[in-house]
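Analysis of the macromolecular model
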Amino acid sequence: MPTEQKIDIVNITAEKFENAKGIYFTNYSGIDVKTITSLRKSFREDNVDYVVTKNTLTKLAAKQAGFDDKLDNILKGQVAIAFSEDPTAPARVIKNFKKDNEDLLEVLGLIFDGKVYPSEKYKEFANLPSKEESLTKVVIMLNQPLTKFASALNNSFTKLLSALTNLKETKN
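Okay, so let's go over this structure. Predicted model, so just to flag it, every value in this text is computed and none were measured.

**Thoughts on the overall build of the chain**
A count of helices and strands for the chain gives six helices and five strands. Helices and strands appear in the chain in the N-to-C order α-β-α-β-α-β-α-β-β-α-α. For the chain, with 172 residues in total, the buried portion stands at 33%. Residue pairs at least 24 apart in sequence account for 78% of intrachain contacts in the chain once pairs closer than 6 positions are excluded. Summed over all atoms, the accessible surface of the chain reaches about 11,400 Å², with 55% contributed by carbon and sulfur.

**Description of the nonpolar core**
Tyr-24, Leu-39, Phe-43 and Tyr-50 are the most contacted members of the largest nonpolar core, which totals 22 residues. Counting only elements with at least two residues in this core, the list comes to helix 2 (33–45), strand 2 (48–52), strand 3 (79–84), helix 4 (89–100), strand 4 (106–112) and helix 5 (121–126). Considering every element that reaches this core, the biggest residue donor is helix 4, with five residues. Not counting residues up to four positions away in its chain, the partners in contact with Phe-43 are Val-48, Tyr-50, Ala-82, Pro-90, Val-93 and Ile-94. Counting residues in hydrophobic clusters, the runner-up holds 18 residues, among them Ala-14, Ala-20, Phe-67 and Leu-71.

**Details of the packing of aromatic side chains**
Enumeration according to the criterion identifies five aromatic pairs in this entry. Aromatic pair Phe-17 and Phe-67: ring centres 5.8 Å apart, planes at 55°, arrangement tilted. Placement of Phe-17 in helix 1 (residues 4–19) and of Phe-67 in the loop between helix 3 (55–64) and strand 3 is noted, with a sequence separation of 50 residues between them. Judged by relative accessible area, which is 2%, Phe-17 ranks as buried. Using a relative accessible area of 8% as the deciding quantity, one classes Phe-67 as buried. Between Phe-112 and Tyr-117, the aromatic rings sit 6.5 Å apart at their centres with planes inclined by 80°, giving edge-to-face as the arrangement. Like Phe-112, the residue Tyr-117 is buried in the burial classification.

**Things to note about the sheet that holds strand 5 (residues 115–118)**
Taken in spatial order, the five strands line up as 2-3-1-4-5 in an open sheet, and their pairing is antiparallel. Because the sheet does not close on itself, it has two edges, and the strands there are strand 2 and strand 5. On average, each strand axis in the sheet is inclined to that of its neighbour by 20°, with strand direction left out of account. Pairing analysis gives six bridges linking strand 1 (residues 22–27) to strand 4, with the strands arranged antiparallel. Across the sheet, Tyr-24 pairs through a bridge with Leu-110, a residue of strand 4.

Conventions and cut-offs
- Residues numbered from 1 in each chain as written.
- Predicted model: local features only at pLDDT ≥ 70, side-chain atom pairs only at ≥ 80, totals over all residues.
- Heavy atoms only, no water.
- Helix = DSSP H or I, 4+ residues; strand = E, 2+ residues; numbered from the N terminus.
- Buried < 20%, exposed > 50% of the residue type's maximum accessible area, 1.4 Å probe, protein only.
- Contact = heavy atoms within 4.5 Å.
- Areas by Shrake-Rupley, 256 points an atom, 1.4 Å probe, with all protein chains shown as cover.
- Core = buried A, V, L, I, M, F, W, Y, C linked by side-chain atoms within 4.5 Å.
- Phe/Tyr/Trp six-rings, centres within 6.5 Å; stacked < 30°, edge-to-face > 60°.
- Pairing = 2+ DSSP bridges.
- Axes fitted to C-alpha atoms, helices over the stretch in contact; angles between N-to-C directions.

Below you can see the structure in the form of structure tokens.
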């Protein structure tokens, strides 16, 4: 019989599935408390929600969010899930964590913008720039031609002013 608490967990998790752009499933077995606390802190610093729920409740939430049976192979064993609005943020945190703790955290699979990917894909996504970095690069690329144009106009006006000044002095 479902309890009110379990129904709430399923609804909250389903909402996270619907709203998150990046969802990473990890096996956390074998990680000591100090290390997992450090990992959770890293996730929090990058605005990633890292949660553990029962696999049966997670499967129900996934079905409610429209993923049907796509996650059944992933949700086995001790699974923690990283939800994020930035689809690459969890991948970067996991990549940095695995530098010091290579064998402790296993990526089981991921959802990137609504599409399910195998675990190996997280390495590719970890190397992608964040949304803010991408926007910054676009702004710089758009700004660069304008800066060159303004500089060229400024140089042209300076030369014109210099020529007019010389012409005025030669007439006097």
